[in-house]
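# Results of the structural survey
Listed here are the chains, written in short residue letters.
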Amino acid sequence: MKKYIIAALLLGSMEINAYAETDTTLQYHFSNSLINSIRNCYKYNEEFTKINPDLADMDATCQRINIRINGIQADNLCHATITHKTQNMGKTTYKCKLNRSQRGELYNAIMTRSSEPITSTFTVLEEYEDENGNIYREPTLKTMTDSLINITIEKLKQNACEAKYEEPNEKDQKQFAEYILTFSDNFQKKLQTCTPAQEYIRTPYLTKPIKIIGKEANSCVIDSSAFIYHIPMTEIYKLTNYDQLSVFATDPQIAQYVPSPELRYTLFALESCFNEEEYTSPTNTQMINAIQMTKQTQSYNQDHNCVLKYREEVSRPDYYEEYETVCVFSDSEIADLISPYQKVLDTSSRQKPSVGAEKASLNLYKILNKKGYCKLNNL
């Protein structure tokens, strides 16, 4: 007998890994219309990734998530359809039927608005396949440590939904690529006159909006987070999608790289300093067409000081850049810095930080930087 694996539902497979400013900030943003529809099962349709643009590129997978509430049906259950498309992994359609209690549980989880991890044990109806290909469901206890919303979605995924997966074909992949890469008509109009505006682009490489800053001399200044562009106005007509923008990024005379250290491992780097151990984080490598960007965090003790190094390497055709943000401070300060996050250290993976570890790392770097301990070097 082998376990029958179902593709993950909607947000169930997505780990929260964006920095949260407070304990009550959710990675997922629910519109008032969607919340009202979930609570009352009113008919409603929404592209969830439009109001959650960071989810469109979660885990380096371009995604498009659509939620359709179909209303109360003859079985007195609330029917909903969730479509989850990815650029290279096809489409999964989830058919869900929620009773009043399940709707209420989901609504309460949304309104709680907490990303703090909790541990819960609950019963799910796992699907199994026997040697003859027969599929059946069996009650199974499952223990899960995650945010309340993720736990609630996992319960609904297992107990109230069925999934159907479709392989991507060439036409679907082409249409999806056009969807995630093409600027909206309004944004393109703003580009032609270099009028200030912003738009999220849904790729695995950008989690912040592309901003039109405005004209400077005979160029249009555009901020894509990774690069600041000075595109000649005579060339701006060529810019209609992200691929074309990345072509401009290969030219260091037009596109200036903006150093942005990988902060999410800071807590673990400080812990290693405290233990007088050397630390090297996993390497984060991103490719944007012909451009490769690599980031890594390191730490070690030197003469009773903790040395943190956030390394960044940018490789463009015929052009290479290397940056290092270095923070140096007395190791006597580390205990006070990390003591509020001992519980996070005890529960978070060093290879894939939890939301609590990422939030702690961001806060710790802000403290170090505010004290003047950190300096950017162009190597």
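This text follows the structure it describes.
A few words on the sheet that holds strand β9 (residues 197–199). Judged by pairing direction, the sheet is antiparallel, and its five strands sit side by side in the order β9-β10-β11-β12-β13 without closing on themselves. Two strands in the sheet have a free side with no partner beyond their single neighbour: β9 and β13 (255–257). Within the sheet, the average angular offset between the axes of one strand and its neighbour, ignoring direction, is 20°. Of the strand pairs in this sheet, β9 and strand β10 (residues 210–216) are connected by three bridges, and their pairing is antiparallel. Across the sheet, the residue bridging to glutamate 199 is isoleucine 210, located in β10. On top of the sheet, helix α6 (residues 185–193) reaches β9, β10 and β11 (219–223); it is set at about 20° to β10, its chief contact.

Bringing the sheet that holds strand β8 (residues 161–166) into the picture now. Strands sit in the order β2-β3-β4-β5-β8 across an open sheet of five strands; the sheet is antiparallel. On the outer flanks of this sheet lie β2 (44–47) and β8, each paired with one strand and no other. With direction set aside, neighbouring strand axes in the sheet form an average angle of 10°. The strands touched by helix α1 (residues 32–40) within the sheet are β2 and β3 (63–72), with β2 carrying the most contacts at an inclination of about 135°. Here helix α4 (residues 148–160) sits on the sheet in contact with β5 (90–98) and β8, set at roughly 85° to β5.

With respect to the element layout, glutamate 46 can be found in strand β2. The exposure class of glutamate 46 is buried, given its relative accessible area of 7%. Only 2.6 Å separates the side chain of glutamate 46 from the side chain of serine 31, close enough to count as a polar contact. Filtering out sequence-adjacent residues up to four positions away, glutamate 46 remains in contact with Ser31, Leu34, Ile51, Ile65, Asn66 and Ile67.

One face of the sheet, then the other: side chains in a regular strand alternate in exactly this way. In the sheet, strand β16 (residues 291–302) pairs with strand β17 (residues 305–316) via 11 bridges, with the strands oriented antiparallel. Note on β17: the bridge partner recorded for threonine 294 is glutamate 313. Taking the residues that link successive antiparallel strands as the turn, the β16-β17 hairpin has two residues, and the phi of aspartate 303 there is positive, at about 55°.

What follows deals with the pairing of strand β4 (residues 78–86). In terms of residue burial, β4 counts as a mostly covered element, since eight of its nine residues are buried. Relative to β4, β3 runs antiparallel, the two sharing nine bridges. Among the inter-strand pairings, isoleucine 69 is bridged to a residue of β4, identified as alanine 80. What sits between the antiparallel neighbours β3 and β4 is a turn of five residues, in which asparagine 76 has the positive phi angle 65°. Of the pairings in the sheet, the one linking β4 to β5 comprises nine bridges and is antiparallel in character.

Attention now moves to helix α11 (residues 355–370). With 16 residues, α11 extends 23 Å from end C-alpha to end C-alpha; this agrees with the ideal 22 Å at 1.5 Å per step. Along α11, the positions that sit buried rather than exposed are Val355, Gly356, Ala357, Glu358, Lys359, Ala360, Ser361, Leu362, Leu364, Tyr365 and Leu368. In the segment just after α11, glycine 372 is the residue with positive phi, at about 85°.

So, about the environment of alanine 80. Structurally, alanine 80 can be placed in strand β4. As a C-alpha pair, alanine 80 and lysine 43 span 37 residues in sequence and 9.1 Å in three-dimensional space. With residues up to four places along the chain from it excluded, the contact list for alanine 80 reads Arg68, Ile69, Asn70, Tyr94, Lys95 and Cys96.

Procedures and definitions
Residues numbered from 1 in each chain as written. Predicted model: local features only at pLDDT ≥ 70, side-chain atom pairs only at ≥ 80, totals over all residues. Heavy atoms only, no water. Pairing = 2+ DSSP bridges. Helix = DSSP H or I, 4+ residues; strand = E, 2+ residues; numbered from the N terminus. Axes fitted to C-alpha atoms, helices over the stretch in contact; angles between N-to-C directions. Contact = heavy atoms within 4.5 Å. Buried < 20%, exposed > 50% of the residue type's maximum accessible area, 1.4 Å probe, protein only. Polar contact = N/O pair within 3.5 Å; in protein donor to acceptor, adjacent residues only side chain to side chain. Expected span 1.5 Å × (residues − 1).

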